[in-house]
Amino acid sequence: MYKYDHYDQAMVDARVADFRDQTRRRIAGQMTDDQFKPLRLKNGLYLQLHAYMLRIAIPYGTLDSRQLRKLAHIARTYDRGYGHFTTRQNLQFHWIKLEQAPDILAELAEVEMHCIQTSGESIRNISADHYAGAAADEIMDPRPWAEMLRQMTSFHPEFSYLPRKFKICVIAAEEDRAAMRWHDFGLRIVKNEAGEVGFEVYPGGGMGRTPFIAYKSADFVPQHQIFSYLQAVLRVWNRHARRDNIHKQRMKILVHELGEEEFTRQVEEAFEHILRLGTDFPQAEYDRIAAYFEPPAFETGLRDEIDRSDPDFAVWLDQNVAAHKAPGYAIANISLKPIRGIGGDITAEQMEVVADLAERYSFDELRVAHTQNLVLPHVRKQDLYAVWQALRGAGLADANLDLVTDIIACPGLDYCSLANARSIPVAQKIAERFADPARQHDLGELKIKISGCINACGHHHAGHIGILGVDRKGTENYQLLLGGSGDEHTTQAKITGPGFDEDGIVDAVERAVEHYRTIRESGERFIDTYRRVGMDGFKEAIYG
Amino acid sequence: MAESGNPLPQAASEAYYLRFRDDVPADEPAVSLDSFFEQPNAVSVRIEAGDDPERLIPHLSRVTLVEVDFPKFRDGRGFSTARILREAGYTGEIKATGDVLVDLVYFMRRCGFDSFAPDVAIDPAVLEDALSRYPYVYQHAADDAVPIWQLRHPELANG
Ligand code: HEM
Ligand code: SF4
């Protein structure tokens, strides 16, 4: 895992001092909230319905036990004893006092963490495959590149007042576990025929009110030119984006208006120019960073057999554990989606349990997935039972990874000032409806995603089943969508028809799911069946 | 770029005008980009946020002042404008005008701006803090700051 040197530490410490000063000026009345807003947004501090919310960056979703314990401490000391993992691998606290925010940043800086560029019109925290460094199918660990780009895009002078936010995602496997093509700038690490490393580049994705799936603008950008290419993309967008309407300033809109071909042409022209400036980082710096991501010292000669005699454990094993690249090891997923809980929420005590497990059983590493679950990336198979028992003791052993109750839901009307409708209670009602483990397992992989308004924080465009809260004549109303996905065959979900009230939407989901069960062919997941038969049959089943 | 270490405002006119250069400021008012092309003797030009700075590149040898306007501080197009001009080899003055807040000046300096005539005067004490706060930079820009990655590899300094 990456460790700060004195340069990185000095930059994060400077930001703490910067923010302390800005907050002091605000509290002393030397700044209006209007002037303070863009500054606090550069530090992930939002004003919400009830309090301030602080978003903490977890670069490429990687954490160690010391950091997670610090987050637990912050949850207890400055919040209400819990935190919330987000769909971009970050952590949010929802009950923050402005005057304490600088102290929180100082505490974070002690463990090499920060809130830099986690909100506002900036280059956001860079996300990556949460199985990076452990996945059996990756061609290399994408995180050294993500770290490289994190540094190069921190306090970038030309791109600190962008038209809108800008989200980057890096993966290095054929399978896309990170919804890469739903980002403004998606990268897939590939090797060419000569065995050289480079990037497939996918600009122009994004959700929100006008969703677009990123297109491929380059098949192979050589590895040490990727920062130039990124700057070219940013410069074209920064110069030519609309500035008159906040809803039309994301890069996806410019790509759409210019057309992919013209956008690519302009990027290539800028790329050729920027390449000549020599701003890319050298191999030596890549090597320095990559050394931190060397695989841990995996033991050899471990047994692959696992004792499955405890049936509850066996269920968890089959559902939540994934293949690891090292023999004798496995990837253990920790579900943060208990049936009656709030997806992504975790208490300080649970954070400490997970931190202990990471330290003891997973080379002191853990990951945050965009599905708002946690991952112990490197667990010996022979330790899985002990890990599961500890998780069960902490209420963290739900065996529902990727199943119908593993729902992504945005904060919605319970917290969010922009919401049309509540999301969390809908997620809870659906989860209760499908709570029976046998039923969940029979239905198999099924990704439900719920947003409380068109901003799409809950990824409803990418849900196998998506739910969107709309405001209909002052009452909460929900639209149902089908067929979205954030995997390597990324698709955008389509609206089925007229909306439903809160109970109606749960029934409608159940009708769609039952229709799938009736017509599925053997081995088909919900999304496979939908892709085979299309919308019509589902529509009939839903609306009768 | 002519540098002076002294970031105190200097009075070119009545209005606030912060300048980081030692040469004599241009005394003719900047004209719009279109007028500039019609006036072969013009040496001061004003670039509005939507203008294309690349049009100016073939004519840079006669330019001594480029004003870049920021209609709203949120509108960051001017940052790219300044970089494009510096990357084309322009060494004359680049002045930021309009809604230039103190917290932007540090980034503007890095993009090649060397004078500031914002709508609202900047508090010198706050400016000094803002300009000296960050001890290092992570990337190359139009200034001569050495990026952290290069500091980490002194062995690469001479090629
Ligand atoms: C509770 C307060 C929140 C507010 C006010 C808020 C606001 C917004 C807004 C306005 C957008 C649309 C941006 C655009 O289209 O350019 C957006 C998008 C998004 N938000 Fe939130 N959000 C909140 C919480 C969250 C949370 C908790 C998560 C993660 C679980 C989240 C994840 C996202 C994502 C993934 C997007 C879509 C990005 C895209 O368009 O590509 N947000 N949010
Ligand atoms: S989708 Fe809408 S309701 Fe949900 S968190 Fe985002 S802005 Fe709020």
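Participant: Talk me through the overall build of chain B; I want residue IDs and the actual numbers.
Facilitator: From N to C terminus, chain B includes five helices and six strands. For chain B, the sequential pattern of α-helices and β-strands runs β-β-α-β-β-α-β-α-β-α-α. The buried share of chain B, reckoned over its 159 residues, is 50%. Of all intrachain contacts in chain B linking residues separated by at least 6 positions in sequence, the fraction that spans at least 24 positions is 47%. Element-wise, carbon and sulfur atoms account for 50% of the exposed surface of chain B, whose accessible area totals about 7200 Å².

Participant: Tell me what's going on with the sheet that holds strand β1 (residues 45-47) of chain A, and back it up with residues and numbers.
Facilitator: Either a parallel or an antiparallel arrangement is found when strands of a sheet pair, and the pairing is made through backbone hydrogen bonds. All names here are of chain A. Taken in spatial order, the five strands of this open sheet run β1-β2-β5-β4-β13, and their pairing is antiparallel. Strands at the two margins of the open sheet, each flanked by one partner only, are β1 and β13 (345-347). When the angles between neighbouring strand axes are averaged without regard to direction, this sheet yields 30°. Sheet analysis places strand β4 (residues 82-85) next to β13, joined by three bridges and oriented antiparallel. What sits directly across from Gly83, in β13, is Ile346.

Participant: Go over the domain arrangement of chain A, please, and point to the residues and values.
Facilitator: All names here are of chain A. Taken domain by domain, chain A consists of domain 1 (6-110), domain 2 (142-288), domain 3 (311-393) and domain 4 (408-543). The straight-line distance from the C-alpha centre of domain 3 to that of domain 4 is 26 Å. Facing ten residues of domain 3, the contacting portion of domain 4 comprises eleven residues. Here domain 3 and domain 4 share an interface that buries about 870 Å² over both sides, 58% of which is from carbon and sulfur atoms. Counting the surface domain 3 buries against domain 4, the share from its top three residues, Ile339, Arg340 and Ile342, is 50%. In this assembly, domain 3 and domain 4 are joined by one salt bridge. With its nearest N and O atoms 3.7 Å apart, the salt bridge here joins Arg340 to Glu432. Viewed at the interface, domain 4 and domain 3 are joined by three residue pairs in polar contact (both at pLDDT 80 or more). For the side of domain 3 that touches domain 4, the residue count by class is three nonpolar, five polar and two charged.

Participant: Describe the site of ligand 1, and please don't skip the residues or the numbers.
Facilitator: Residue and element names in this part refer to chain A. Around ligand 1, 19 residues are found, and the nearest of them are Lys165, Lys167, Met207, Arg250 and Cys457. Separating an oxygen atom of ligand 1 from a backbone N or O atom of Gly208 is a distance of 3.3 Å. Of the residues in the shell around ligand 1, the class split is six nonpolar, nine polar and four charged.

Participant: Please set out the interface of chain A and chain B residue by residue, giving values where relevant.
Facilitator: With 44 residues of chain A at the interface, the matching set in chain B holds 37 residues. Across the chain A to chain B interface the summed buried area is about 3700 Å²; carbon plus sulfur atoms make up 60%. Of all residues in chain A, Pro157, Tyr161 and Arg239 of chain A give up the largest surface area on contact with chain B, accounting jointly for 21% of the area buried on that side. Joining chain A to chain B, the criterion identifies 22 residue pairs in polar contact (both at pLDDT 80 or more). When contributions to the side of chain A that touches chain B are tallied by element, the ones reaching two or more residues are α1 (6-27), α2 (33-41), α5 (143-152), α6 (226-240) and α9 (283-291) of chain A.

Participant: Provide a residue-level description of the side chain of His114 of chain A, including the pertinent values.
Facilitator: Residues and elements named next belong to chain A. Turning to its location among the elements, His114 is positioned in the loop between α4 (101-110) and β6 (127-128). Overall, His114 belongs to the buried group, its relative accessible area being 8%. Of the polar contacts made by the side chain of His114, one reaches the backbone nitrogen of Ile116; its length is 2.9 Å. Apart from the residues within four sequence positions on either side, His114 is in contact with Tyr4, Val12, Ile56, Ala57, Leu108 and Arg150.

Participant: How would you explain the packing of helix α13 (residues 424-433) of chain A against helix α15 (residues 502-519) of chain A if you had to name every residue and give the values?
Facilitator: All names here are of chain A. For the pair α13 and α15, the least separation of the axes is 10 Å and the interaxial angle reads 45°. By the angle between their directions, the pair α13 and α15 is classed as oblique. Considering only the axes of α13 and α15, their crossing is right-handed. When α13 is examined against α15, the residues Pro425, Val426, Lys429, Ile430 and Arg433 are found in contact with a partner set consisting of Glu502, Asp503, Ile505, Val506, Asp507, Val509 and Glu510. Tallied by class, the residues present in the contact of α13 with α15 amount to six nonpolar, no polar and six charged.

Reading the values: the criteria
- Residues numbered from 1 in each chain as written.
- Chains lettered and ligands numbered in written order.
- Predicted model: local features only at pLDDT ≥ 70, side-chain atom pairs only at ≥ 80, totals over all residues.
- Heavy atoms only, no water.
- Helix = DSSP H or I, 4+ residues; strand = E, 2+ residues; numbered from the N terminus.
- Buried < 20%, exposed > 50% of the residue type's maximum accessible area, 1.4 Å probe, protein only.
- Contact = heavy atoms within 4.5 Å.
- Areas by Shrake-Rupley, 256 points an atom, 1.4 Å probe, with all protein chains shown as cover.
- Pairing = 2+ DSSP bridges.
- Axes fitted to C-alpha atoms, helices over the stretch in contact; angles between N-to-C directions.
- Domains from an automatic or database assignment.
- Buried area = accessible area lost by both parts, 1.4 Å probe.
- Salt bridge = Lys/Arg side-chain N within 4 Å of Asp/Glu carboxyl O.
- Polar contact = N/O pair within 3.5 Å; in protein donor to acceptor, adjacent residues only side chain to side chain.
- Nonpolar A, V, L, I, M, F, W, Y, C, P; charged D, E, K, R; others polar.
- Near = heavy atom within 4 Å.
- Parallel < 35°, antiparallel > 145°, perpendicular 65-115°, else oblique.
- Left-handed = near helix turned anticlockwise from the far one by under 90°.

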